[in-house]
Amino acid sequence: GAVWNGMVRGRDRRDEARSELADYVRTRPEDPRGWILASRLATIERRWRDAERALGRAIDRLPAPSPDLFVERARLLLAGDAPDYEAALAALEGGLARLGPLVSLELAAVDVEEARGEPALALARLSRAAARLEQPWALMPRRAELVRRAGEPQEARWIDAAAAAVSRHTGPGVALEPVLA
């Protein structure tokens, strides 16, 4: 309540919120809520690495963290002037190891692989994600996009045509935005 209000209202209140939050995490270091708030405050202040470390502490203390927290951690590792692709992938792999093979985490890793210029690895991850779906063809437009960006426009057109054919028989596909956009 009061800490969050102070975080978003402005610099003067943010200093007060930072002080209250520091006291809170010092006296209750095992409470993940304090670390999540510390991460959000650091994010507001564009202190990306501090935000990532605080979020990591929260994740470590949660018995069943949301996959969204792992995606948020990866985003923080990619923010700023020096994106750390390896650490972002490691954060997502940690989520996959802890929570199991979740398509949302795999798709976030696809985005990281693509951002770091590894289209073959992105495509391999996309294939693994598609294999876990009830309707794997839903990822065909994303596959075509990756193939196109990898410099294979003809193959991308074939995938687009196949996706269109599948869509005619199954109804409209799922529009998927990059997870880490």
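Here, residues in each chain are numbered from 1, in the same order as that chain's written sequence. Residue-level local features of this predicted model are given only where pLDDT is at least 70; pairs of side-chain atoms are given and counted only at 80 or more, and the full residue set underlies all totals for whole chains, interfaces and linings. Heavy atoms throughout the structure, all of them, feed into the side-chain values; hydrogens and water do not.

This part covers the overall build of the chain. We count a stretch as a helix when DSSP gives it H or I for four or more residues in a row; a strand needs E for two or more, and each element gets its number in order from the N terminus. Summing up its helical and strand segments, the chain has 10 helices and 0 strands in all. Counting from the amino terminus, helix and strand elements in the chain follow one another as α-α-α-α-α-α-α-α-α-α. Each of the 181 residues in the chain was classed as buried or not, and the buried ones make up 40%. Two residues qualify as a contact provided that any one of their heavy atoms is within 4.5 Å of a heavy atom in the partner residue. Considering only contacts in the chain between residues 6 or more positions apart, those separated by 24 or more positions represent 48%. Between buried and exposed lies partly exposed: a residue is buried under 20% and exposed over 50% of the maximum accessible area for its type, with that area taken using a 1.4 Å probe on protein chains only.

Phi angles above zero are rare outside glycine, and Arg-46 is one such case at about 60 degrees. You can see Arg-46 is positioned in the loop between helix H3 (32-44) and helix H4 (48-61).

With that out of the way, let us pick up the environment of Thr-27. Within the secondary structure, Thr-27 sits in helix H2 (residues 11-27). Since its relative accessible area comes to 53%, Thr-27 is described here as exposed. Each polar contact in these results corresponds to two N or O atoms within 3.5 Å; when the atoms are within protein, one needs to be able to donate a hydrogen and the other to accept it, and residues that are neighboring in sequence are counted only if both atoms are side-chain atoms. From its side chain, Thr-27 meets the backbone oxygen of Tyr-24 in a polar contact 3.2 Å long.

With 87% of its residues at a pLDDT of 70 or more, the chain has an overall mean of 87. Confidence of the prediction at every residue is given by pLDDT, a number between 0 and 100. Between the elements of the chain, mean pLDDT differs from a low of 52, seen in helix H1 (residues 2-9), to a high of 98, seen in helix H5 (residues 67-78).

All right, on to the nonpolar core then. Of all hydrophobic cores here, the largest spans 31 residues; its most connected members are Ile-36, Leu-55, Leu-69, Ala-88, Leu-92, Leu-105 and Val-112. Among the secondary structure elements, those contributing two or more residues to this core are H2, H3, H4, H5, helix H6 (85-99) and helix H7 (103-115). Broken down by element, the residue count for this core peaks at 7 residues, all from H5. Not counting residues within four places of it along the chain, the set of residues in contact with Ile-36 comprises Leu-55, Ala-58, Leu-62 and Leu-69. In this structure, Val-103, Ala-130, Met-140 and Ala-156 belong to the second largest nonpolar core, which totals 16 residues. Remark: nonpolar core denotes a set of buried residues (Ala, Val, Leu, Ile, Met, Phe, Trp, Tyr, Cys) joined through side-chain atoms within 4.5 Å.

On to the side chain of Ser-39, then. Along the chain, Ser-39 turns up in helix H3. For Ser-39, a relative accessible area of 0% gives the class buried. Setting aside residues no more than four positions away along its own chain, Ser-39 makes contact with Ala-51, Ala-54, Leu-55, Glu-72 and Leu-76.

Glancing now at the packing of H5 against H6. The convention used is that axes are lines fitted to C-alpha atoms, helices contributing only their stretch in contact, and that angles between N-to-C directions extend from 0 to 180 degrees. In the contact formed by H5 and H6, the axes pass within 8 Å of each other and the chain directions differ by 170 degrees. As far as their axial angle goes, H6 and H5 are roughly antiparallel. In this structure, H5 contributes Pro-67, Phe-70, Val-71, Arg-73, Ala-74, Leu-77 and Leu-78 to the contact, and H6 contributes Tyr-85, Ala-87, Ala-88, Ala-91, Leu-92, Gly-94, Gly-95, Arg-98 and Leu-99. The nonpolar class holds Ala, Val, Leu, Ile, Met, Phe, Trp, Tyr, Cys and Pro. Asp, Glu, Lys and Arg form the charged class, and all remaining residues, Gly among them, are polar. Its residues placed into classes, the contact of H5 with H6 shows 12 nonpolar, 2 polar and 2 charged. Any angle from 65 to 115 degrees is called roughly perpendicular, while one under 35 is roughly parallel, one over 145 is roughly antiparallel, and all others are oblique.

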